[in-house]
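# Notes for the structure review
The primary structure of each chain is shown beneath.
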Amino acid sequence: MIELKNITKMYDLNKTDQVVALKDINLSINEGELIILKGASGSGKSTILSLIAALNKPTSGEVIVDGKKISKLPDNFASTYRRDNIGFIFQKYNLIADISVKENILLPLIPLNPNADELDEKLNLVMEKFKISHKKETLVKNLSGGEQQRVAIARANVNSPKIIIADEPTANLDEKLSLHFIEILKELKTAGKTIVVATHDPLFFDLDFVDREIEVSNGTI
Amino acid sequence: MILIPEVLTILILNVIFAFFSTIAFFLSLKIYLNWDINSNSTLQYTLEKQSYLTATIIKYIFIIKVPLFLFFIFTLDKISNILTGAMCGAGVVDATDYGNYLFVLKIINLYVFAYWLALHAEDMKHENQPYTKAKFGFFTIAFFLFLSEIIVEGVMFGSIDLNDIVSCCGTIYSSSTGSYISQIFAMNPTLLLSLFYGVFTLLLIFFFLKRNYAFAISNIFFILISIVTLITFFGTYIYELPSHHCPFCFLQSDYYYVGYLLYTLLFTGTFYGIAAGFIPTSDENRTLNYKKSILFNFLYVSLVTLYPTLYYIKNGVWL
């Protein structure tokens, strides 16, 4: 269960000016729900995602995930929370171009220091699931956009997170690949993941497996 | 004013430390007065961000200051080479009116800094940062001790006149000078040794009984009695001279710098002992502090005991 209570987030532009990204918003997301946050660029969608992922702290209000006040976590505990609970899919994938698919996918597991067998097992599981096994040793820079997206999804799932967060996941994909991504989302939803997607791609609207679509506009919902 | 590279290093570091610690002081005061971990207000989130920055500033100042104490002693020793009459750091400490105060302040601060670092380390282990208010409140007091040290240190180095002839340690720590220190040296060595080994025995008893406060307080007594016996009794066996009572000479190469080892063992052992009583921590960490304390204190006692024992075995008499 994710709860955002009376969240306001302001960013400093300079010493005197601030921009209000979110204005006193309240939002509850149940476990296993798939939520679409839709709205124009700059409406505050990504800020909501960054707060849920504990990448950012609110200016006021609180973010509670499974009863834990994650907006109050010190940085070292916020990192552990992200590692254990969050799978993040970024608009530009945020993969490391000069290392292989396998190495990119395994990155989130490095701090856990698992043994080689455990690593192989988790790696093979996500690579098969997201159909990227044949590119295991390929450098990421040699992959197509769609393949990079699948690597990003595999990386987001390798530590079996409860929550998947996707920020404009289809912004760099053509329609066919976007539809494929939506199919993957459906599978993740079926697997019981809580999913929050921020997008303004109309392909995501009115999908039957989406629980709620929430319009974000000028920092309000 | 004496400006050798070592003194310049200390003074420049002090200016940097004073600047950053003043910033940290005002932020600490703000955090201490307004901290409420349960609040979701803008002020609290601002304080949470500032607390991380402030704690980092204080942490690095103190992490540098603790080993800098040994560098300070090394510097005194270096100055003694160019100060007429001084044979070791003791002459430099006694060269001005501020040396002894500075030395006492530095030893107190050593424990204060280490206590803050231990409290901070404990605070960072918990999600709800239970000791944040305490550690910043503690710093607002420690800051004045820290600032006093910086000022007295600057004044002391500024007051050293190379044209003056100063006393050597043989005169300063002589039992015939009539000073407070000389009265300590006039005390019966048997009584002092009984106190020294007696307090160490108490440490062992409280270690096995796990009496936190008693163990911590015994450690405070142990620091005092250890320093006194080191100067009055054990030091004479390190120098192999019955009349030489100096807490600095054994820091020199003639004595294989054994003083640095002795002081490090004593200060580390007693700090962990005090921490075992006064640092709020888990049972596991407290047990670890107990073990570290007793280990370092035991090594200290063994090492100082070794000198008279070896002397007796070699010569068949006591000094």
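Each helix and strand counted, chain A has six helices and nine strands in total. Radius of gyration (C-alpha) of chain A: 17 Å, near the 17 Å computed for a compact globule of 221 residues. With the principal axes as the frame, chain A shows a C-alpha extent of 50 × 40 × 35 Å. The burial tally for chain A puts 42% of its 221 residues in the buried class.

With that settled, consider the overall build of chain B. A count of helices and strands for chain B gives eleven helices and zero strands. Helices and strands appear in chain B in the N-to-C order α-α-α-α-α-α-α-α-α-α-α. Each principal axis of the C-alpha distribution contributes one length, and for chain B these read about 75 × 55 × 30 Å. The buried share among the 319 residues of chain B stands at 38%. Long-range pairs, those at least 24 residues apart, make up 70% of the contacts in chain B between residues at least 6 apart in sequence.

Take unusual backbone geometry next. For N6 of chain A, which is not a glycine, the phi torsion comes out positive at approximately 50 degrees. Examined against the element boundaries, N6 of chain A turns out to sit in strand β1 (residues 2-12). Using a count of 12 C-beta atoms within 10 Å as the deciding quantity, one classes N6 of chain A as exposed. In the Ramachandran plot, E240 of chain B falls in the positive-phi region, its phi being about 55 degrees despite a non-glycine side chain. Examined against the element boundaries, E240 of chain B turns out to sit in the loop between α9 (212-239) and α10 (258-278). The exposure class assigned to E240 of chain B is partly exposed, which follows from the 13 C-beta atoms found within 10 Å.

Here we come to the nonpolar core. Residues and elements named next belong to chain B. In this structure, C88, A90, W116 and C169 are the most contacted members of the largest nonpolar core, which totals 82 residues. When residues are assigned to domains, this core turns out to be shared by domain 1 (5-159) and domain 2 (173-315), each giving three or more. With residues up to four places along the chain from it excluded, the contact list for W116 reads I58, F62, K135, F138, F139 and A142.

Looking now at the domain arrangement of chain B. Size of an interface, as often reported, equals the accessible area lost when the parts are brought together. Residue and element names in this part refer to chain B. For chain B, the assigned domains read domain 1 (5-159) and domain 2 (173-315). Relative placement of domain 1 and domain 2: their C-alpha centres are 25 Å apart. Taken residue by residue, the interface counts 13 residues in domain 1 and 15 residues in domain 2. Sorting the residues of the side of domain 1 that touches domain 2 by element identifies α2 (42-80), α3 (89-93) and α4 (99-123) as the ones contributing at least two each. It is α4 that contributes the most residues to the side of domain 1 that touches domain 2, six residues altogether. Of the residues contributing to the side of domain 1 that touches domain 2, the split by class is ten nonpolar, one polar and two charged.

Here we come to the interface of chain A and chain B. Chain A puts twelve residues into the contact, and the matching count from chain B is nine residues. Those elements that place two or more of their residues in the side of chain A that touches chain B are β4 (60-65) and α2 (75-85) of chain A. Classifying every residue of the side of chain A that touches chain B gives four nonpolar, four polar and four charged.

Residues three or four positions apart in an α-helix share a direction because the helix packs 3.6 residues into each turn. A maximum bend of about 55 degrees is found in α9 of chain B at L230 of chain B. Backbone geometry just after α9 of chain B places E240 of chain B at a positive phi near 55 degrees.

As a further point, take the environment of T138 of chain A. Residue and element names in this part refer to chain A. Within the element layout of this structure, T138 appears in the loop between α4 (116-129) and α5 (145-157). When the C-alpha atoms of T138 and N85 are compared, they prove to be 28 Å apart, with 53 residues separating the residues in sequence. If near-sequence neighbours (up to four positions away) are discounted, T138 is found in contact with S100, V101 and L143.

Here strand β3 (residues 34-38) of chain A pairs with strand β8 (residues 194-199) of chain A via five bridges, running parallel. Within the sheet, the bridge partner assigned to L34 of chain A lies in β8 of chain A and is I195 of chain A.

We now examine the pairing of strand β6 (residues 86-89) of chain A. The two faces of a sheet get side chains in turn, since along a regular strand they alternate between them. Residues and elements named next belong to chain A. Side chains I86 and F88 of β6 all project onto a buried face; the interleaved residues G87 and I89 project onto the opposite face, where all are buried too. Relative to strand β7 (residues 163-167), β6 is paired through four bridges, and the arrangement is parallel. Its bridge partner lying in β7, F88 is registered against I165.

Residues and elements named next belong to chain B. Across the interface, helix α8 (residues 189-209) lies against helix α11 (residues 283-315) with an axial gap of 11 Å and an inter-helix angle of 155 degrees. Considering the angle they form, α8 stands roughly antiparallel to α11. Crossing of α8 over α11 shows left-handed handedness. Side by side, α8 and α11 meet where F200, L203 and F207 of the first sit next to Y290, I294, N297 and V301 of the second.

With that out of the way, let us pick up the confidence of the model for chain B. One rule of thumb: low pLDDT means the predicted coordinates there are not for detailed reading. Overall, the prediction assigns chain B a mean pLDDT of 90, with 97% of residues at 70 or greater. For this predicted complex, the interface confidence comes out at an ipTM of 0.80, alongside a pTM of 0.84.

As a further point, take the environment of L119 of chain A. Residues and elements named next belong to chain A. Residue placement: L119 occurs in helix α4. Overall, the presence of 18 C-beta atoms within 10 Å leaves L119 in the partly exposed class. Non-local contacts of L119, meaning those with residues more than four positions away in its chain, are made with L106, L109 and P114.

Here we come to the sheet that holds strand β9 (residues 212-215) of chain A. Residue and element names in this part refer to chain A. The five strands are arranged β6-β7-β8-β3-β9 in an open sheet whose pairing can be described as parallel. Two strands close off the open sheet at either side, each with one partner strand: β6 and β9. Along the sheet, successive strands turn relative to each other by an average axial angle of 15 degrees, direction set aside. Packed onto the sheet, helix α1 (residues 45-52) meets β3, β7 and β8 and runs at close to 150 degrees relative to β8. Set on the sheet, helix α6 (residues 175-190) makes contact with β3, β7 and β8; between it and β8 the angle comes to about 150 degrees.

Moving on, we come to the sheet that holds strand β2 (residues 18-29) of chain A. Read from one edge to the other, the open sheet built from four strands follows the order β2-β1-β4-β5 (chain A), with strand pairing classed as antiparallel. The sheet is open, and its two edges are formed by β2 and β5 (68-69) of chain A, each paired on a single side.

Residues and elements named next belong to chain B. It is the contact of helix α1 (residues 5-34) with α2, at a shortest axis distance of 8 Å, that shows an interaxial angle of 150 degrees. Taken together, α1 and α2 sit at an angle that is classed as roughly antiparallel. Of the two elements, α1 crosses α2, and the hand of that crossing is left-handed. Taken together, the residues of α2 that come into contact with α1 (itself represented by E6, V7, I10, F17, F20, S21, I23, A24, L27, S28, I31 and N34) are L43, L47, Q50, S51, T54, I57, I58, I61, F72, T75 and K78. Split by residue class, the contact of α1 with α2 holds 14 nonpolar, seven polar and two charged.

Thresholds, definitions, all that
Residues numbered from 1 in each chain as written. Chains lettered and ligands numbered in written order. Predicted model: local features only at pLDDT ≥ 70, side-chain atom pairs only at ≥ 80, totals over all residues. Helix = DSSP H or I, 4+ residues; strand = E, 2+ residues; numbered from the N terminus. Rg over C-alpha atoms; globule rule 2.2 N^0.38 Å. Buried ≥ 20, exposed ≤ 12 C-beta atoms within 10 Å, placed from the backbone. Contact = placed C-beta atoms within 7 Å. Core = buried A, V, L, I, M, F, W, Y, C linked by C-beta atoms within 7 Å. Domains from an automatic or database assignment. Nonpolar A, V, L, I, M, F, W, Y, C, P; charged D, E, K, R; others polar. Bend = angle between axes of the 7 residues up to and from the residue. Pairing = 2+ DSSP bridges. Axes fitted to C-alpha atoms, helices over the stretch in contact; angles between N-to-C directions. Parallel < 35°, antiparallel > 145°, perpendicular 65-115°, else oblique. Left-handed = near helix turned anticlockwise from the far one by under 90°. pLDDT = per-residue confidence, 0-100.

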